[in-house]
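# Working through the structure, step by step
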Amino acid sequence: MEKLIITAAIVGAELTRGEVPHLPLNPRELGEAAENCCEAGASVIHLHVRDAAGKPSQAVEDFAEALDEIRRRCGVIVQFSTGGAVGTPVELRAAPLKLAPEMATLTTGTVNFGNGVFLNDPGCIEYLAREMRLYGVTPEIECFDVGHIANAVRLADKGLIDRPMYFDFVMGVPGGIPGTLEHLLHCVHSIPEGSRWQVAGIGRAELPLAVAAVIMGGNARVGFEDNIYYSRGVPARDNAQLVARVARISREVGRQVASPDEARQLLGIPPRA
Ligand code: KMH
Ligand code: ZN
C-alpha cells in the first residue's frame, strides 16, 4: 500500500476560543501547530486563517503571514482553504490563491452546513478551478455529498482540473453525507479509477473513518476543524495529539506514514526548492 498522507485541519472557520481555549489563531500559533503536527506525522496542513480579532479571514495578507510562519518552521505542504466561512463571497475565497500555495481546496457542490448554506454553484466552482490552474495550485476536491463527485468528474472532462484527482470526502457535516462506513464505501467506489482519496470525518466520525482509510489504502484528515475531542467527553490536547494517534495506528497495522516530500510525489506536486 502507498504510504499514508495525513492532513491536519488545525483551525477551520467556525470554532471559537470559547469552545476551544487553546485553538491556534494568530500566525505564530498556526506556525507552531503546523510544526507540531508535521513532527507528529502530518504531511499536509489544511489552512484557514483569522484576522486580528480572531474572526475568519480570506485576506491575502493574513494567509501570507501564516504561510511564512509555517514555511519558516517546517516543510509541510500548505493547503489553503478556498471554502472560507459560510457566506464568504467567491472572489474573497479565491484571493489568497495569488500566493500560489502548493494546494488548495475545491468544493464541487453546494451543501447545507448546519443552519447555513455552503454555496458552490457551477460558476463559482469553475471560477475557483480556473484560478487554481492560473496560479499552478493543486486542488483537493472536497465532497460534502455524493453528487459532488460527479461534478468533479465533469470539471475534469471539461479540462478544468487534471486527472488523477485527489478527493476528500468530508463526512458528517449536518446537511451533508453522514459519516458512516457504508457511505464511505459508496464514495470510494464512485471515484474514477486511479484517483486518490482522503476522508475527513466530522466529530465522532473522525477516528473510525480515519482508521477505515488507513486499512483501505485511502488517506486521513484530522484536527480541530473537524473534531475537538480525543475520546468521548475528553477534549484533545492539541491538533498534534490527533495526528499522532492516526500515525501510530497506521504504523501498527503495517502502513508507513508519508513525509511531506513523499506526499508531494504521491500527489504530483513538484518538489520544493
Ligand atoms: N468552513 C466551511 C464552510 C474548505 O475549507 O474548503 C467550508 C470549508 C471548506 O471549510
Ligand atoms: Zn476547511
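You'll find the structure just up there.
Residues numbered from 1 in each chain as written. Chains lettered and ligands numbered in written order. Predicted model: local features only at pLDDT ≥ 70, side-chain atom pairs only at ≥ 80, totals over all residues. Heavy atoms only, no water.

### Quick look at the packing of aromatic side chains
The description of an aromatic ring pair uses the distance of the two centres, along with the angle that the planes make with each other. A full pass over the atoms with the stated rule returns 6 aromatic pairs. Seen in terms of ring centroids, F113 and F118 are 6.2 Å apart; in terms of plane orientation they differ by 70 degrees. Their pairing is edge-to-face. Residue classification places F118 among the buried positions, given a relative accessible area of 7%. Between F167 and F169 the ring centres are 6.3 Å apart and the planes differ by 20 degrees, which places this aromatic pair in the stacked class. Neither residue differs from the other here; F167 and F169 are each classed as buried. Aromatic rings pair up to connect F113, F118 and F144 into one cluster. (Phe/Tyr/Trp six-rings, centres within 6.5 Å; stacked < 30°, edge-to-face > 60°. Buried < 20%, exposed > 50% of the residue type's maximum accessible area, 1.4 Å probe, protein only.)

### Observations concerning the nonpolar core
If you look at the biggest cluster of nonpolar residues, it comprises 73 residues, and the most contacted ones within it are I10, L47, L106, F167, F169, L184 and W197. Not counting residues up to four positions away in its chain, the partners in contact with L47 are I10, L30, F63, A66, I70, V78, Q79, F80 and S81. Judged by nonpolar contacts, the second largest core, of 10 residues, contains I77, A263, L267 and I269. (Core = buried A, V, L, I, M, F, W, Y, C linked by side-chain atoms within 4.5 Å. Contact = heavy atoms within 4.5 Å.)

### Some details on the coordination of the zinc ion (ligand 2)
The expected angle between donors at a tetrahedral four-coordinate metal is 109.5 degrees. At an octahedral six-coordinate metal it is 90 or 180 degrees. Within the first shell, the zinc ion (ligand 2) binds the protein through H46 (NE2), H48 (NE2) and E225 (OE), at distances of 2.1 Å. Judged by its relative accessible area of 2%, H46 falls in the buried class. (Donors = N, O, S within 2.8 Å, 3.2 Å for Na, K, Ca; no water.)

### Topic: the sheet that holds strand β6 (residues 103-107)
Ordered by their spatial adjacency, 8 strands build a closed barrel running β1-β2-β5-β6-β9-β10-β11-β12, and the pairing between neighbours is parallel. Along the sheet, successive strands turn relative to each other by an average axial angle of 25 degrees, direction set aside. Against the sheet, helix α6 (residues 181-190) makes contact with β10 (166-171) and β11 (196-201), and its axis sits at roughly 160 degrees relative to β10, the strand it touches most. (Pairing = 2+ DSSP bridges. Helix = DSSP H or I, 4+ residues; strand = E, 2+ residues; numbered from the N terminus. Axes fitted to C-alpha atoms, helices over the stretch in contact; angles between N-to-C directions.)

### As for a nonpolar patch on the surface
A cluster of nonpolar side chains, namely L181, L185, I215, M216 and V253, defines an oily patch on the protein surface of about 430 Å² accessible area. Where the nonpolar patch is concerned, the elements lending two or more residues are α6 and α7 (206-216). The topology assignment puts L185 in helix α6. (Patch = residues over 30% accessible without salt bridge, like charges linked within 9 Å, V, L, I, M, F, W, Y side chains within 5 Å. Areas by Shrake-Rupley, 256 points an atom, 1.4 Å probe, with all protein chains shown as cover. Salt bridge = Lys/Arg side-chain N within 4 Å of Asp/Glu carboxyl O.)

### Thoughts on the pairing of strand β2 (residues 44-47)
Covered by surrounding structure in β2 are V44 and H46 together with I45 and L47, the residues of both alternating faces. In this fold, the crossover linking strand β1 (residues 6-9) to β2 by way of helix α1 (residues 27-40) has right-handed handedness. For β2 and strand β5 (residues 77-80), the ladder comprises 4 bridges, and the chain directions are parallel. Its bridge partner lying in β5, V44 is registered against I77. (Right-handed = clockwise from strand over helix to strand, strands pointing away.)

### Focus: the site of ligand 1
Around ligand 1, the neighbouring residues are E14, H46, H48, S81, G83, G84, V86, T105, F113, F118 and E225. The backbone of G83 places a nitrogen or oxygen atom 3.3 Å from an oxygen atom of ligand 1. E225 is positioned such that a nitrogen or oxygen atom in its side chain is 3.0 Å from an oxygen atom of ligand 1. Residue composition of the shell around ligand 1, by class: 3 nonpolar, 6 polar and 2 charged. (Near = heavy atom within 4 Å. Polar contact = N/O pair within 3.5 Å; in protein donor to acceptor, adjacent residues only side chain to side chain. Nonpolar A, V, L, I, M, F, W, Y, C, P; charged D, E, K, R; others polar.)

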